[in-house]
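So you can see what is in the structure, the chains are spelled out below.
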Amino acid sequence: MKIIILGAGQVGGTLAENLADEANDITVVDTNGDRLRELQDRIDIRTIQGHASFPNVLRQAGADDADMLVAVTNSDEVNMVACQISYTLFRTPTKIARIRQTSYLNQSELFKNDVIPIDVLISPEQVVTNYIQRLIEHPGALQVLDFAGGKVQLVAVKAYYGGPLVKQELRFLREHMPSVDTRVAAIFRRGKAIMPEGSTVIEADDEVFFIAARKHIRDVMSELRRLDNVYKRIIIAGGGNIGQRLAESIENRYNIKIIERDLSRCHFLSQLLNKSIVFHGHASDRELLLAENIEETDIFCALTNDDEANIMSAMLAKRLGARKVMALISNPAYVDLVQGGEIDIAISPQMATIGSLLTHVRRGDVVNVHSLRRGAAEAIEAIAHGDAKSSKVVGRTIGEIELPPGTSIGAIVRKEQVLIAHDHIEIESDDHVILFVTDKRRIKEVERLFQVGLTFF
């Protein structure tokens, strides 16, 4: 595909890296020449320095025959105008825009071809809020991803000494839980992916990705680690867009305290929120944390827009006795550095957002893409179409499908029914198939499996 990315920030740069690896024709536009040169030194892309919404800049970037425009600059208004110009002057087929302000997002009638022609709206703050909310709902999980409207979840946990399945072969999972159907999709051991088989032995500290129906997730987690108690008391450091949205969505179920250093923002939050308590101060203020009983806090979420502040306040909270700490970290170099030490979960906003963008870039009927292990692997939800003659998957059992190396099928959702993948299950048209791909170079082969037509004969 020929794709123009407007904005070379964290999201734009990460997206360009992901797509360039897959042999797409990528052009990145930004006003920052240094950032563009840095990207070009690292990956094989074209770059154009200029204003993203200027018609001449878009023409120079190849908008005349582009398949897709992805507008992810820091300005909602520039993103919207760029999509408008791409539609009006160049008739670009697919236009994706990052929109942050809820004032725009709440007006759905704005985003139509006869008003502002944007095909897909991406709200990073909402994506990250949902991501954190799922982690809070599943104590002990490192990552929780929804598929098929939440009927199926893919969960990553760290296996601990003392878990019933640790030091045992995977085939014993069925014996331990005869009434629960689940499948281990992948295991990461010391950073390397292992494709699981029945004889694979789970070791302590393995990062285990398993897939199951939503109602069975907690049962499976209990086999791999001692279950954490349900969270009740939560401190949110940072009352910005993400902190505010998180508090709004969960304050009726949890005891929420917010620490915000901007006094006017504190007043705004205290009027907006119903049950949350808002404190004016710094999240790395030791005395404030102790005064608010940090040692009795179940989870501390550092969600300011400053990586270093998030890392330091999360580490301090952990030292002072918080059960679990999370930190929002934009710099990818920091994420691997801190996760698993004093910081339990490092959340990368661009990695959470990138899946939403990749969903619309994948060929075949792909409805969900989640980036895993900081982009090293992907979980894909694809819909099977056609029949045994026109499709490579429909009418075949899972055991008969020639999957690319490093790829496994985790589950199938058929209407309301969740089928965990076993070799004898036959795929039908309109099934939602959830795949786990540990080798990103094989993505194109996976996409081709779900494309219908005569081109493969």
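Scope of this entry: the structure provided in the associated data block. Here the structure is a predicted model, which means the values were calculated and not measured. All residue numbers here refer to positions counted from 1 along the written sequence of the relevant chain. Local features in this predicted model are restricted to residues of pLDDT 70 or higher, and side-chain atom pairs are both shown and tallied only at a pLDDT of 80 or more, whereas totals for entire chains, interfaces and linings draw on every residue. Each side-chain value is derived from all of the structure's non-hydrogen atoms; neither hydrogens nor water enter the calculation.

When DSSP finds two or more bridges between two strands, those strands count as paired. Numbering of helices and strands runs from the N terminus, with a helix taken as a DSSP run of H or I at least four residues long and a strand as a DSSP run of E at least two residues long. Here we have 6 strands laid out as an open sheet, ordered S3-S2-S1-S4-S5-S6, and parallel in their pairing. Looking at strand neighbours, the two that pair on one side only are strand S3 (46–49) and strand S6 (120–122), the edges of this open sheet. Taken over all neighbouring pairs, the strand axes of this sheet differ in orientation by 15° on average, direction set aside. As paired strands, strand S1 (residues 2–6) and strand S2 (residues 25–30) are joined by 5 bridges and run parallel to one another. Considered in S2, the bridge of Ile4 is made with Thr27. Angles here are taken between N-to-C directions and fall from 0 to 180 degrees, while the axes themselves are lines fitted to C-alpha atoms, restricted in helices to the stretch in contact.

A separate point is the pattern of salt bridges. What makes a salt bridge here is a side-chain nitrogen of Lys or Arg within 4 Å of a carboxyl oxygen of Asp or Glu, nothing more. The tally for this structure, following the rule as stated, stands at 21 salt bridges. Salt-bridge contacts for Glu287 lead to Arg286; the nearest nitrogen and oxygen are separated by 3.8 Å. Put simply, Arg319 and Glu342 hold a salt bridge, and the shortest N to O gap is 2.7 Å. Pair noted here: Arg319 is in helix H12 (residues 307–319) and Glu342 is in the loop between helix H13 (332–338) and strand S17 (345–347), with a separation of 23 residues, a long-range link. Using a 1.4 Å probe on the protein chains alone, a residue whose accessible area is under 20% of its type maximum counts as buried, one over 50% counts as exposed, and one in between counts as partly exposed. In this structure Arg319 comes out as exposed when scored by relative accessible area, which is 63%. The network of salt bridges with common partners includes Glu17, Arg35, Glu38 and Arg42.

Turning our eyes to something else, we now look at the pairing of strand S9 (residues 182–189). Two faces make up the sheet, and in a regular strand the side chains alternate between them. The buried count for S9 comes to 7 of 8 residues, which makes it a mostly enclosed element. Pairing between S9 and strand S11 (residues 207–213): 6 bridges, direction antiparallel. Paired with Thr182 across the bridge in S11 is Ala212. Sheet topology places S9 next to strand S10 (residues 192–194); 3 bridges connect them, and they run antiparallel. The residue bridging Ile187 from the neighbouring strand is Ile194, located in S10. A loop of 2 residues connects S9 with S10, the two strands running antiparallel in sequence, and Arg190 in this loop sits at a positive phi of about 50°.

Nine residue types can take part in a nonpolar core, namely buried Ala, Val, Leu, Ile, Met, Phe, Trp, Tyr and Cys, and a core is a set of them joined through side-chain atoms within 4.5 Å. Ile132, Ile136 and Leu154 are the most contacted members of the largest nonpolar core, which totals 66 residues. Note on definitions: a residue-residue contact is assigned when non-hydrogen atoms from the two residues lie within 4.5 Å. If near-sequence neighbours (up to four positions away) are discounted, Ile136 is found in contact with Tyr231, Ile234, Leu246, Ile250, Tyr254, Ile299 and Met326. Core analysis: the second largest hydrophobic core is formed by 47 residues, Leu36, Met351, Leu358 and Val366 among them.

In this section: unusual backbone geometry. At Lys167, a residue that is not glycine, the phi angle is positive and equals roughly 75°. Looking at the element boundaries, Lys167 is found in the loop between strand S8 (152–158) and helix H7 (173–176). Located in the positive-phi region is Asp205, a residue other than glycine, with phi close to 80°. As for its placement among the helices and strands, Asp205 is situated in the loop between S10 and S11.

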